[in-house]
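Understanding the architecture of this molecule
If you want the building blocks of each chain, they are given just below.
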Amino acid sequence: MGTAGARFMVAKQLAASGGLYIEEGSTRLACDPGPGAVVQYAKRKVDLARLDGILVSHRHLDHSSDVNVMIEGMTEGGFRPRGKLFCPADALDHDPVVLHYLRAFPREVVRLEPTTVYRLGDLEFTTTRRHPHGAETYGFRFGQRLGWVTDSDWYDAIVEDHQAEVMVLHTVLLDERPDLPHLSIPEAARIIAEARPRLAIITHFGMNVWRAHPWEVAEQMTQATGIQVKAARDGMSLEI
Ligand SMILES: [Zn+2]
């Protein structure tokens, strides 16, 4: 539902910022609904009233700004309570991004814990350790098939935590920036080289990655790692 990451890409909407959408069997999960998510879901004809859950990796605006309207969509304005909201505790408790009046609309609001397995219908996912990233942030593994490396600085267990057949990595930075808790392209390449997935997808691009052309960056990463690396594009879908 979008490939833009961080402030400038999102504010200028150089790419969409609606996050990821996952279907497994009859289960539908919206992940990290950033600015414009509701527009992207409508544009791609995904009926929010059929969602089973919404998963927020962390409370930063580019991952959570549309969470309230998504909850309303999922529950038909609260008239038909359904689905689950999964988010870190600080998205609810400290300077919350989820409005209080909407919290009774989902059937359950789940405060994510580190390295814990959750079930939602036909889907099962595991949180990683807490990411070094300012706000309380988790990455996710959906069985052995999909590892989703959300916003994070490098940490020693990052490969072990997200290793899967297909890996999706948020790459905000082109070059390492010790002052910013985000992964750079060289760090993402290191994760891919060590984890050796069948396919790696880079997404959530910051401005400098965008200017370097993500598809060219991905091609260089493929050459460097020997693993197939693709750049996500808005609306891209993938069968795993
Ligand atoms: Zn963030």
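1. Describing the layout of surface pockets
- Considered as a void within the structure, the largest pocket measures approximately 880 Å³ in volume.
- In terms of lining, the largest pocket is formed by 30 residues, of which the most central are Tyr 21, Ile 22, Ser 237, Leu 238 and Ile 240.
- Elements with a minimum of two residues in the lining of the largest pocket: strand 1 (20-24), strand 7 (123-130), strand 10 (166-170) and strand 11 (199-203).
- For the lining of the largest pocket, the element with the highest residue contribution is strand 1, accounting for 5 residues.
- Among the residues forming the lining of the largest pocket, the class breakdown is 15 nonpolar, 7 polar and 8 charged.
- Of the voids in this model, the second largest pocket is the one considered here, and its volume is about 610 Å³.
- If you trace the second largest pocket, you find 23 residues lining it, with Ala 6, Arg 7, Val 172, Leu 180 and His 182 closest to the centre.
- Mapped onto the lining of the second largest pocket, the elements with two or more residues apiece are helix 1 (6-12), helix 3 (61-64) and helix 7 (207-211).
- Sorting elements by how many residues they give to the lining of the second largest pocket places helix 1 first, with 6 residues.

2. Description of the coordination of the zinc ion
- Within the first shell, the zinc ion binds the protein through His 58 (NE2), His 60 (ND1), His 133 (NE2) and Asp 151 (OD), at distances of 2.2 to 2.4 Å.
- Geometry at the zinc ion is irregular, judged from the 4 donor atoms that bind it and their angles of 89 to 173° at the metal.
- Written as a sequence motif, the donor residues of the zinc ion are H-x1-H-x72-H-x17-D. Highlighted residues: His 133 in the loop between strand 7 and strand 8 (138-142) and Asp 151 in the loop between strand 9 (146-149) and helix 5 (158-162), separated in sequence by 18 residues.
- A relative accessible area of 2% means that Asp 151 is categorised as buried.

What counts, and at which threshold
Residues numbered from 1 in each chain as written. Predicted model: local features only at pLDDT ≥ 70, side-chain atom pairs only at ≥ 80, totals over all residues. Heavy atoms only, no water. 1 Å grid on protein atoms, 1.4 Å probe; cavity = no way out; pocket = protein on both sides within 12 Å on 5 of 7 lines; lining within 4 Å. Points joined across faces, edges and corners; volume = space filled by probe spheres on them. Helix = DSSP H or I, 4+ residues; strand = E, 2+ residues; numbered from the N terminus. Nonpolar A, V, L, I, M, F, W, Y, C, P; charged D, E, K, R; others polar. Donors = N, O, S within 2.8 Å, 3.2 Å for Na, K, Ca; no water. Tetrahedral: all angles 85-135°; square planar, octahedral: opposite > 155°, others 65-115°. Buried < 20%, exposed > 50% of the residue type's maximum accessible area, 1.4 Å probe, protein only.

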